[in-house]
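Structural features, examined
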Amino acid sequence: MTVAVRIADGAGDAAFVKALGRECSMSSVASFRPATESKVRTAFDRLYEIVHDQSHVTLIADRGGERVGFLLLLDGLADEVTLEPQAFVAYMAVKPDSRREGVGAALLAAAEDEARRRLLPYIALMVTEENQGARRLYARAGYRTERRLLCKPL
Ligand SMILES: CC(C)(COP(=O)(O)OP(=O)(O)OC[C@H]1O[C@@H](n2cnc3c(N)ncnc32)[C@H](O)[C@@H]1OP(=O)(O)O)[C@@H](O)C(=O)NCCC(=O)NCCS
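Not measured: the values here are computed from a predicted model.

Considering the site of the ligand
Around the ligand sit 22 residues in total, of which Arg99, Gly104, Ala105, Gly133 and Leu137 are the nearest. At the level of elements, strand E4 (87-94), helix H3 (103-117) and helix H4 (132-140) are the ones that each hand at least two residues to the shell around the ligand. In terms of residue count, the dominant contributor to the shell around the ligand is H4 (six residues). Class assignment of the residues belonging to the shell around the ligand gives a composition of ten nonpolar, seven polar and five charged.

Describing unusual backbone geometry
Positive phi, normally seen in glycine, also occurs at arginine 100, with a value near 60°. Mapped onto the secondary structure, arginine 100 falls in the loop between E4 and H3. Assessed through the 9 C-beta atoms surrounding it within 10 Å, arginine 100 is described here as exposed.

Remarks on the environment of arginine 140
Relative to the helices and strands, arginine 140 is located in helix H4. Separated by 35 residues in the primary sequence, arginine 140 and alanine 105 place their C-alpha atoms 9.0 Å from one another.

Re the environment of alanine 93
With respect to the helices and strands, alanine 93 occurs in strand E4. By the C-beta count within 10 Å, which is 24 here, alanine 93 ends up buried. Between the alpha carbons of alanine 93 and aspartate 113 there is a distance of 18 Å; along the sequence they are 20 residues apart.

Details of the packing of helix H1 (residues 11-24) against helix H2 (residues 37-52)
The interhelical angle for the contact between H1 and H2, taken along N-to-C directions, is 140°, at an axis separation of 8 Å. Taken as axis vectors, H1 and H2 run oblique relative to one another. Crossing handedness for the pair H1 and H2: right-handed. Along its contact with H1, which presents Lys18, Gly21 and Arg22, the element H2 presents Arg41, Phe44 and Tyr48. Split by residue class, the contact of H1 with H2 holds two nonpolar, one polar and three charged.

Parameters at a glance
- Residues numbered from 1 in each chain as written.
- Predicted model: local features only at pLDDT ≥ 70, side-chain atom pairs only at ≥ 80, totals over all residues.
- Near = placed C-beta within 6 Å.
- Helix = DSSP H or I, 4+ residues; strand = E, 2+ residues; numbered from the N terminus.
- Nonpolar A, V, L, I, M, F, W, Y, C, P; charged D, E, K, R; others polar.
- Buried ≥ 20, exposed ≤ 12 C-beta atoms within 10 Å, placed from the backbone.
- Axes fitted to C-alpha atoms, helices over the stretch in contact; angles between N-to-C directions.
- Parallel < 35°, antiparallel > 145°, perpendicular 65-115°, else oblique.
- Left-handed = near helix turned anticlockwise from the far one by under 90°.
- Contact = placed C-beta atoms within 7 Å.

By themselves, these observations are geometric and do not establish any function.
What follows is the structure, encoded as structure tokens:
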């Protein structure tokens, strides 16, 4: 079945993004900085609000008439080091039963198209070191490590 990616529209899409984002949020937690699921879900709610307070586009992936994934893309947030304009993937997720079927790659490609359409010269994102699946997806799509976020348990 083919995947179609479109721009989100309406309350049904928003509810899907919130529910799937909360469900998947633990995959961004590093094992050496454990956190309760409830706090991590609240952190996703906060991220969702932050994204919606800024210029952004929400992409929805549909397959067989069902929503299977989403991507939140900021399009007005310059890189903090260079002040170069960029697109920034704030979060993306695919339903667990639809993974490894190209949905994530299709969402990422659509986000890049949106960024190019806005003449943004870069697309960036953050990913947790231990999130091997996501890291492989990004590496295969041509993303390179630019900076590292370091943390030391005290
Ligand atoms: C990361 C995520 C979005 C990938 O979505 P997906 O639809 O499964 O990705 P794709 O099927 O397009 O994968 C494309 C390629 O990425 C790599 N990849 C994706 N998931 C992988 C995994 N779990 N393990 C190893 N490689 C993986 C593979 O190379 C894959 O190609 P292949 O299946 O032909 O080998 C999905 O696993 C997810 O929603 N995870 C939870 C939320 C999350 O971690 N989001 C990212 C936050 S930064």
